[in-house]
Amino acid sequence: MQKIFFSISVSFILLATAVFVSCTGKKQASAAEEEHHNNIILGFSQIGAESAWRTYNTKSMQDAAAAAGIQLLYANAEQKQENQIKAIRSFIVYQVDVIAFVPIVQDGWDNVLREAKEAHIPVIICDRKIKTADKSLYACYIGTDSIEEGRNAARFLEKKYAGKEGPYNILEIRGTDGSSASDGRTQGFREILGNDKRFSIIYSESGDFIRSRGKEIAETILSANGNRLAIKGKSVDIIVSGNDGMTLGFLEVLHKRGISTGRNVTVVTFDAQQEAIDELRAGEINCVVECNPNIGPQVMELVKELAAGETIPRLTHVKESVFTENDDLSNLPPRGY
């Protein structure tokens, strides 16, 4: 380990040559400690740039690192887990102080995280969670509570349709299967509505959190049902989509085909990027559950604490809101993404 060897060598030379500890020596030591603190290196692997939300999430990390004086080594995995694993291994070889990454899926990380642990490099899991039997392989998770996000979407529907008989047919567009963001929202949504017989999910498909896939799903459904928003003869009453990108792609196709939303068809989406908020204001979307991308400043605080050898919380959930058709959004500041 070059960094450790260099540190030991410097200490040995100082001990061998110094015959007394002077004030100048103390000042030099303090300066060295300060320089080390200011030269923290963070390796960060992002899953890609599939949406405005993800781009903002990356920018949040980059801006916060620059503001904190932390050197950021950034790697874009382009939606491939193997690219993330390669990036993490490259960070280990480079001997960064801390590794942070957004896992594209939950499984398959144990081997590379064990390598990081053996190299004494702490790991922060960001935005999406992982599954592992060995919790010691990572220092903490920071990000959204996707299960609660799913519950909030379901709670909106229960409130909107309170006192009404139904039945209501739901078309669900999931995110990337195997990701904690998609699996958590799906779990939380069903947890609340599972016992309400008025609601039935009559169709569910993964759109991988990508806008173009939202378009494809809409075109396929309309083409198969005579340009009707229906599944095998059953009209769709509610659309629940796992992120704004897929939602906006889906709605773009509907609106081009002359199918309106917001009144006869209720639309619930996740993320709260600006375009979705604009559609909410326009009455085309009924509920937007926020998924907060601005985690950079909090991550950098955790990085500094880990680099200093301090103990940090195992779980940090960022603050989030729910925006609905019943809210006054006139004073809501621009989202920035």
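In this text the structure is predicted, and so the values were computed from the model without any measurement.

A. Examining the sheet that holds strand S11 (residues 266-271) more closely. In spatial order, the strands read S7-S6-S10-S11-S12-S14; together these 6 strands make up an open sheet with mixed pairing. Of all strands in the sheet, those bounded by a partner on one side alone are strand S7 (199-206) and strand S14 (322-324). Taken pair by pair, the neighbouring strands of this sheet meet at an average axis angle of 15°, ignoring direction. Running at roughly 160° to S11, helix H6 (residues 146-160) makes contact with S7, strand S10 (238-241), S11, strand S12 (287-290) and S14 of the sheet. Most of the contacts of helix H10 (residues 274-281) go to S12, to which it runs at about 150°, and overall it touches S12 and S14.

B. Broad picture of the pairing of S11. Most of S11 sits inside the fold, with 6 of its 6 residues counted as buried. Across the two faces of S11 the burial is the same, with Thr266, Val268 and Phe270 and Val267, Thr269 and Asp271 all buried. Bridge count for S10 against S11 is 4 bridges, and the pairing is parallel. Looking at S11, one finds that isoleucine 238 is bridged to threonine 266. When S11 meets S12, the two strands line up parallel, connected through 4 bridges. Within S12, the position partnered with valine 268 by the bridge is cysteine 287.

C. Local environment of the sheet that holds strand S5 (residues 140-143). If you walk across this open sheet you meet the 6 strands as S2-S1-S3-S4-S5-S13, and the pairing is parallel. Each edge of the open sheet is held by one strand with a lone partner, namely strand S2 (71-76) and strand S13 (315-317). The mean inter-strand angle of the sheet, taken between neighbouring strand axes irrespective of direction, is 15°. As paired strands, strand S4 (residues 123-126) and S5 are joined by 3 bridges and run parallel to one another. Counterpart to cysteine 126 in the pairing with S5 is isoleucine 142. Against the sheet, helix H11 (residues 296-307) touches strand S1 (41-46), strand S3 (98-101), S4, S5 and S13, its axis set at about 165° to S4.

D. The arrangement of helix H7 (residues 180-193) in detail. An ideal rise of 1.5 Å per residue puts 20 Å on 14 residues; H7 measures up with 20 Å between its terminal C-alpha atoms. Of the positions making up H7, those classed as buried are Ser180, Ala181, Ser182, Gly184, Arg185, Thr186, Gly188, Phe189 and Leu193. Where H7 is buried, its residues contact H6, strand S6 (168-174), S7, S10 and S11.

E. Structural context of helix H5 (residues 110-118). By the burial criterion, the buried members of H5 are Val112, Leu113 and Ala116. Considered in projection along H5, the buried side chains sweep an arc of 100° and stay on one side of the axis. Structural note: H5 exposes Asn111 and Glu118 on the side pointing more than 90 degrees away from its buried face. Elements that come into contact with the buried residues of H5 comprise helix H4 (81-94), S3 and S4.

F. The arrangement of the confidence of the model for the protein chain in detail. The share of residues in the protein chain with pLDDT of 70 or more is 89%, and the mean pLDDT across the chain is 90. Scored below 50 in pLDDT, residues 1-37 makes 8 contacts in the model with residues more than four places away or belonging to other chains.

G. Focus on the packing of H4 against H5. Between H4 and H5, the least distance of the axes is 10 Å, while the angle of their chain directions is 10°. When the axis of H4 is compared with that of H5, the two are roughly parallel. Touching Ile85, Ile88, Arg89 and Ile92 of H4 are Val112, Glu115 and Ala116, all from H5. Across the contact of H4 with H5, the residue classes break down as 5 nonpolar, no polar and 2 charged.

H. Representation of the pattern of salt bridges. Per the stated rule, a full pass over the model turns up 22 salt bridges. Measuring nitrogen to oxygen at the nearest pair gives 3.7 Å for the salt bridge that ties glutamate 252 to arginine 211. Remark: arginine 211 occurs in helix H8 (residues 211-224) and glutamate 252 occurs in helix H9 (residues 244-256); sequence separation between them is 41 residues.

Thresholds, definitions, all that
- Residues numbered from 1 in each chain as written.
- Predicted model: local features only at pLDDT ≥ 70, side-chain atom pairs only at ≥ 80, totals over all residues.
- Heavy atoms only, no water.
- Pairing = 2+ DSSP bridges.
- Helix = DSSP H or I, 4+ residues; strand = E, 2+ residues; numbered from the N terminus.
- Axes fitted to C-alpha atoms, helices over the stretch in contact; angles between N-to-C directions.
- Contact = heavy atoms within 4.5 Å.
- Buried < 20%, exposed > 50% of the residue type's maximum accessible area, 1.4 Å probe, protein only.
- Expected span 1.5 Å × (residues − 1).
- Arc of directions from axis to C-beta.
- pLDDT = per-residue confidence, 0-100.
- Parallel < 35°, antiparallel > 145°, perpendicular 65-115°, else oblique.
- Nonpolar A, V, L, I, M, F, W, Y, C, P; charged D, E, K, R; others polar.
- Salt bridge = Lys/Arg side-chain N within 4 Å of Asp/Glu carboxyl O.

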